[in-house]
Amino acid sequence: MAQARENKGHRDGGGEHGVSRRTFLGYAAGGIAAFMAASIGFIGLGGVLSPAIKAKSAGHWVKLGRTDDFPPDRPRKVDLEIAMKDGWMETTQAKSVWVVKDQSGEFRVFNSRCTHLGCIVNWKESDKRFFSPCHAGVFDIQGEVTGGPAPRSLDALEHRIDRDELWCNYEDFVLGVPEKKSV
Ligand code: FES
């Protein structure tokens, strides 16, 4: 009798205190289903998170001032405070741009970071040039490199005029490379 009870337990793959093969397979199938559901949920969550992460490299439209605040052929620096988002972190960063208006009233707006290693360029009226305080980088009023190691011209920013106000889409670009690529 004891022998028969032992054999029955072996056939079911468990016994009174063990887990039968059928029960075990049920647990395994449930575990796999739960894992797949969690994976799909994670992928879905990634879709929700990605806009916040992408916001890091998106531009920021900022008002620079009235168009008649900028005299022709006299570049003017405008300091900005930009709210930057990196994942869940939000910080305010001090940035600046150079606004150049020509005699015909056309605007150019440059990111003030030297394209070599990012030092802020300054306009020197007596030389009619932008100078980088580091490594002797020099740019003309069009932003073109005229001296030093900068690999490309100053980074021109998208801009627009709305009811006599000048706006620009502030953006940083990868430094030290010939191509203008968003950070
Ligand atoms: S950072 Fe401007 S020349 Fe190096």
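Residues numbered from 1 in each chain as written. Predicted model: local features only at pLDDT ≥ 70, side-chain atom pairs only at ≥ 80, totals over all residues.

Draft legend 1. Representation of the overall build of the protein within the structure. The number of helices and strands found in the protein is two helices and 10 strands. Element order for the protein, N to C, with α for helix and β for strand: α-α-β-β-β-β-β-β-β-β-β-β. The burial tally for the protein puts 16% of its 183 residues in the buried class. Long-range contacts, defined as pairs at least 24 residues apart, comprise 46% of the intrachain contacts of the protein with a sequence gap of at least 6. (Helix = DSSP H or I, 4+ residues; strand = E, 2+ residues; numbered from the N terminus. Buried ≥ 20, exposed ≤ 12 C-beta atoms within 10 Å, placed from the backbone. Contact = placed C-beta atoms within 7 Å.)

Draft legend 2. Just the environment of phenylalanine 70, in detail. Positionally, phenylalanine 70 belongs in the loop between strand 1 (60-66) and strand 2 (76-86). A sequence separation of 32 residues divides phenylalanine 70 from aspartate 102, and the C-alpha atoms of the two residues are 9.6 Å apart. Apart from residues lying up to four places away in sequence, phenylalanine 70 is in contact with Arg76, Val99 and Lys101.

Draft legend 3. Just the nonpolar core, in detail. If you look at the biggest cluster of nonpolar residues, it comprises 17 residues, and the most contacted ones within it are Val97, Val99, Val109, Phe110, Leu157 and Cys168. Looking at which element gives the most residues to this core, the answer is strand 3 (residues 89-101), with four residues. (Core = buried A, V, L, I, M, F, W, Y, C linked by C-beta atoms within 7 Å.)

Draft legend 4. Region of interest: the sheet that holds strand 5 (residues 122-124). The four strands are arranged 5-6-7-8 in an open sheet whose pairing can be described as antiparallel. Every other strand in the sheet has two partners, leaving strand 5 and strand 8 (145-147) as the edge strands with one partner each. Relative to strand 6 (residues 129-131), strand 5 runs antiparallel, the two sharing three bridges. Bridge pairing in strand 6 links asparagine 122 to phenylalanine 131. (Pairing = 2+ DSSP bridges.)

Draft legend 5. The arrangement of the sheet that holds strand 4 (residues 107-111) in detail. A sheet is described by the order of its strands in space; here three strands give the open sequence 2-3-4, paired in antiparallel fashion. Only two strands of the sheet have a single partner each, and these edge strands are strand 2 and strand 4. Each strand axis lies, on average, 35° off the axis of its neighbour in the sheet, ignoring direction. With five bridges connecting them, strand 3 and strand 4 associate as antiparallel partners. Opposite valine 99, over in strand 4, you have valine 109 as the bridge partner. (Axes fitted to C-alpha atoms, helices over the stretch in contact; angles between N-to-C directions.)

Draft legend 6. Main features of unusual backbone geometry. Although it is not a glycine, aspartate 73 sits at a positive phi angle of roughly 60°. One non-glycine residue, histidine 135, adopts positive backbone phi at about 60°. One can find histidine 135 in the loop between strand 6 and strand 7 (138-139). Given 12 C-beta atoms within a 10 Å radius, histidine 135 is considered exposed.

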